[in-house]
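Take a look at the letters that make up each chain.
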Amino acid sequence: MVELRPYQHEAVQSVWERFAQGDKATLLVMATGTGKTTVFGDIARRCLGKGSRVLVLAHRDELVRQA
């Protein structure tokens, strides 16, 4: 497991707060080079650990393989 940077941890926590408020889907926007794949991976890992399913959509095969 990769250790998140403080701003990545904050992003993950923001997503979980939205889920806790009853949102079934949320959008997280991050700038280039800030570790979106790392953040996504952490969120997906936690969702899978709770028995949820995760769908990854990307316009490039390499992005899906990277994740």
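Counting restarts for each chain, with residues numbered from 1 along the sequence as it is written. Totals for whole chains, interfaces and linings use all residues, but because this is a predicted model, local features are given only for residues with pLDDT of at least 70 and pairs of side-chain atoms are given and counted only at 80 or more. Only hydrogens and water are removed before side-chain values are computed, so all heavy atoms of the structure are retained for them.

Asker: Talk me through the overall build of the protein; I want residue IDs and the actual numbers.
Answerer: Along the protein, the regular secondary structure elements total 3 helices and 0 strands. Where helices and strands are cited, they refer to DSSP runs of H or I of at least four residues and of E of at least two residues respectively, numbered from the N terminus. Beginning at the N terminus, the succession of helices and strands in the protein can be written as α-α-α. When we talk radius of gyration, it's over C-alpha atoms, and the globule rule is simply 2.2 Å times the number of residues to the 0.38. In summary, the protein has a C-alpha radius of gyration of 12 Å against a globular reference of 11 Å for 67 residues, a match within 12%. Oriented by its inertia axes, the alpha-carbon framework of the protein measures out at about 35 × 25 × 20 Å. Relative accessibility under 20% of the residue-type maximum defines a buried residue, over 50% an exposed one, and the middle range a partly exposed one, all with a 1.4 Å probe and only protein chains included. Across the 67 residues in the protein, those meeting the buried criterion constitute 19%. Between two residues, a contact is recorded if the distance between any of their heavy atoms is within 4.5 Å. Considering only contacts in the protein between residues 6 or more positions apart, those separated by 24 or more positions represent 55%. All accessible-area figures derive from a Shrake-Rupley calculation using a 1.4 Å probe, and residue coverage is judged against the displayed protein chains alone. Of the roughly 5,600 Å² of accessible surface on the protein, 52% is carried by carbon and sulfur atoms. In the protein, which carries 10 positive and 7 negative side-chain charges, the distance between the mean positions of the two groups comes to 5 Å. Positive charges are assigned to Lys and Arg, negative charges to Asp and Glu, while His and the chain termini are left out of the count. To locate a charge, the coordinates of NZ of Lys, CZ of Arg, CG of Asp or CD of Glu are taken.

Asker: Explain helix H2 (residues 36-49) residue by residue, including any values.
Answerer: Taking 1.5 Å per residue as the helical rise, H2 with its 14 residues ought to reach 20 Å, and the 20 Å between its terminal C-alpha atoms agrees with that figure. Val39, Asp42, Ile43, Ala44 and Cys47 are the residues of H2 that are buried. A positive phi of about 90° marks Gly51, the residue just after H2. Here a helix's expected span is defined as the number of its residues, less one, multiplied by 1.5 Å.

Asker: Before we move on, could you go through the confidence of the model for the protein and cite the residues and values that matter?
Answerer: Across the chain, each position has a pLDDT score giving the predictor's confidence in that residue, from 0 to 100. With 99% of its residues at a pLDDT of 70 or more, the protein shows a mean pLDDT of 90. When pLDDT is averaged over each element of the protein, helix H1 (residues 6-20) comes out on top at 96 and helix H3 (residues 61-66) at the bottom at 78.

Asker: Please set out the environment of Gln13 residue by residue, giving values where relevant.
Answerer: With respect to the helices and strands, Gln13 occurs in helix H1. Taking the relative accessible area as the measure of exposure, Gln13 reaches 28% and is therefore partly exposed. Linking Gln13 and His59, residues 46 residues apart in sequence, is a C-alpha distance of 27 Å.

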